[in-house]
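One-letter residues, chain by chain:
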Amino acid sequence: MTITVALAGNPNCGKTTLFNALTGLHQKVGNWPRVTVERKTGTLQHAPDTTVVDLPGVYSLSPDSLEERISRDYLVNDPPDVIVNVVDATTLERNLFLTLQLLELGIPVVVALNMMDEVAKNGELIDLEKLSARLACPVLGVSALKRTGLKDLVKAAVSAAATSAFPNSGGPCRFSQPIEDGLAWFQQRLDGLIEPRFARFAAIKLLERDPRLPESLTEIANAGEAAIAATERALSDDVESAITEERYVFLGALLDGIVNRRDERVDWSDRIDAVVTNRWLALPIFAAVIFLTYYIAVTTVGTFVTDWANDGVFGEGWSLFGLADVPGVPVAVGNLLDSLRVAPWLSGLILDGIIGGVGAVLGFVPQMMVLFAILASLEACGYISRVAFILDRGFRRFGLSGKSFIPMLISTGCGIPGVMSSRTIESESDRRMTIMTTTFMPCGAKLPIIALVAGAVFNGAWWVAPSAYFVGVGAIIVSGLILKKTKPFRGIPAPFVMELPPYRWPVPTAVLRVMWERSWSFIKRAGTIILLSAVAVWFLSSFAFEGGRLVMVEDLGNGMLASLGRSIAWVFAPLGFGTWDATVATLTGLVAKENVVGTLGVLFGFAEVTEDGSEIWANFAATFTPLTGFAFLIFNLLCAPCFAAIGAIHRELNNTRWTWFAIGYQTAFAYCVALLVNQFGRLFTGGEFGVGTCFAVAVLAVIVFLAVRPVREPSEPDRQDPLDPTRELQGV
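Caption draft 1: Seen up close, the overall build of the protein. Per the secondary structure count, the protein includes 33 helices and twelve strands. Once the C-alpha set of the protein is aligned to its principal axes, its extents read approximately 90 × 65 × 55 Å. Taking all 732 residues of the protein together, the buried fraction comes to 54%. Partitioning the contacts of the protein with sequence separation of at least 6, the portion at a separation of at least 24 is 72%. When the accessible area of the protein is evaluated, it comes to approximately 31,400 Å², of which 61% is carbon and sulfur surface. A gap of 3 Å separates the mean positions of the 58 positive and 69 negative side-chain charges of the protein.

Now the structure itself:
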């Protein structure tokens, strides 16, 4: 017998942590709401016939956003055998509001009170037996994080799924007489159309005028308008509001005597929030946290371990605790190739192409691991969700919702899940704008570019790495100002409501697992797409057609890649890096951002071994000045993302024209910002006022005009249903 178990609950109640514990998988978790934005499926450990489905978090079965619709549609249209309702036991009343609605579905429900360890730590005691009796369904206390109580939970879920009777049909909540009369009117007309166990939930949705009812119920819905009107006259209120209010009244009575507090404890979360979310201190604290994060990851600890990787593992070698000298990979492989007397072209392919390209990227993995560990700690402790709250006020002034910060945050790891997490934004125009701008944030793949420029061109200056983060935030804010004043994005930003989770100490194993998963994803890309790209770059740069024949060239400047780069390099000349090698590195970065460093590794000979490695950085530094190096960094940070992220953008926008618009906007915006940096930087450092400067002045004037121009109040079309999929790209 196969069983399907659906995990449903509020955002940030621990569903995905429970899902990972039950299935042994490692889906992303975080201490903030809306981490899960799509349905995920796994198999229960040691029970291959049992499927576990992790649903996006919902507060009710009346969805507002796309990911909430995913959960509601799954439960209604493809009902599982049993629902495990994951409840945050530290906020019982709010979580049980959803429980009442799940019980109305007519599907067996088992309630898992998660975070019982925190309940005990808070000095509280929950009477599980009494709560189970009042809800008329099994209630078990668990801790998904510490994996306690899970065996009993699985047994209860399997037992509930095996039942053929549905004692919970309709749920324990009974409404006032006018509402019950309205429900009875609809239930009579549903008799014979749907299974009796689903009738009460369908009747409630009909009475609430749910806009997403199936077409088969449209006739009943239309016929029931008189019954709904009669109910609302009797209530002196709209039915949906009255049902919500009566559910909370019922919950208040249901929880009477359920939770007992043994002693009063200090709420440290409130005390910390009084400082970190303070009106005047919040933004400086946020800036300091971000500065320290990148300073530690890129400039101090990160530099120490990356120097070891670049100069040791991918350089001349390193000393093993002073006991033995271990040769670097290029040295060891070079010696092996010499002993085998392989052909020069094969030696060049392996040393200059593969090791030079892939090694240049892998050398920055230690810095990325440090950054990922810090970010994972900030996520786990709960500070990141405060940042969304802090930025909401500022973002709204620029036409963005605080909800846009969640995709931005996720994009610091990878742009693809960042784009997908935009599903949490209800307003379609805000969601599109977030999708178009969230990849401005420096993802993990861009970190090697940041570290390379900071180390080679700026000699490890402390401000370069943090500035990359703030450039991304600034690009999003300026884009919000510009785009919000155009017709497709016009409208009032969606209100941002998010429950702040309590502060928690990061669990070291969880932080290390997140760090490893993100780093391993990067390493896998280095072994696949980066490897193939490095080989292609080596071939195109090492060969050329001469006299009608393909021949290997001594000088890479005579290769096919150099010819291609020179034909396009003029485009980047106003940005200060109009050389063929910088041009092709930028172009290969469109495939994957790691390719920028990988390509430069091949072209600048990162596999060449020097006495102290300084020559490697010098080859790169000789191509760029600090000004052009920073312009190069900015363009590659802000321009169109990698192919995989572009695919995610297309899937989320579900429109080819919108996808091309997003790519074009990002690239044009990156070009303009890099142009301003280079041209005004030259002018302020003693350069002449030339044609490029005039062009930069014109670009700056246009950006300022688009950002500050007045805009009319939103019209009625701007207030259309944000989830209406028929809204298409209109003229800007």
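Caption draft 2: Region of the structure containing a negative patch on the surface. On the surface, a cluster of negative charge is made up of D237, D238, E240 and E245. Inspection of the secondary structure puts D238 in the loop between α10 (225-235) and α11 (239-254).

Caption draft 3: α11, seen in detail. The first and last C-alpha atoms of α11 sit 22 Å apart over 16 residues, in line with the 22 Å expected at 1.5 Å per residue. Those residues of α11 that fall on the buried side of the exposure criterion are V239, A242, I243, R247, L251 and L254. Where α11 is buried, its residues meet α3 (92-104), α5 (128-135), α7 (177-190), α8 (199-207) and α10. For α11, the side-chain oxygen to backbone nitrogen distance between the N-cap and E240 is 3.4 Å, and the N-cap itself is D238.

Caption draft 4: Region of the structure containing the nonpolar core. The biggest cluster of nonpolar side chains holds 119 residues, and the ones touching the most others in it are F405, F620, F632, F635 and L638. In this structure, F635 is in contact with F572, L575, F577, T586, T667, A670, Y671 and A674, ignoring residues within four places of it in sequence. Core analysis: the next-biggest nonpolar cluster, separate from the first, contains 52 residues, F97, L113, I126 and L135 among them.

Caption draft 5: Structural context of the pattern of salt bridges. Scanning the model with the defined rule gives 13 salt bridges in all. Residues R504 and E118 are paired through a salt bridge, measuring 2.3 Å at the closest nitrogen-oxygen approach. Separated by 386 residues along the polypeptide, R504 in the loop between α23 (464-483) and α24 (508-527) and E118 in helix α4 (residues 116-121) bring together distant segments of the chain. On the basis of relative accessible area, R504 is assigned to the buried category, the value being 18%.

Reading the values: rules and limits
- Residues numbered from 1 in each chain as written.
- Predicted model: local features only at pLDDT ≥ 70, side-chain atom pairs only at ≥ 80, totals over all residues.
- Heavy atoms only, no water.
- Helix = DSSP H or I, 4+ residues; strand = E, 2+ residues; numbered from the N terminus.
- Buried < 20%, exposed > 50% of the residue type's maximum accessible area, 1.4 Å probe, protein only.
- Contact = heavy atoms within 4.5 Å.
- Areas by Shrake-Rupley, 256 points an atom, 1.4 Å probe, with all protein chains shown as cover.
- Lys, Arg positive; Asp, Glu negative; His and termini not counted.
- Charge placed at Lys NZ, Arg CZ, Asp CG, Glu CD.
- Patch = residues over 30% accessible without salt bridge, like charges linked within 9 Å, V, L, I, M, F, W, Y side chains within 5 Å.
- Salt bridge = Lys/Arg side-chain N within 4 Å of Asp/Glu carboxyl O.
- Expected span 1.5 Å × (residues − 1).
- Polar contact = N/O pair within 3.5 Å; in protein donor to acceptor, adjacent residues only side chain to side chain.
- Core = buried A, V, L, I, M, F, W, Y, C linked by side-chain atoms within 4.5 Å.

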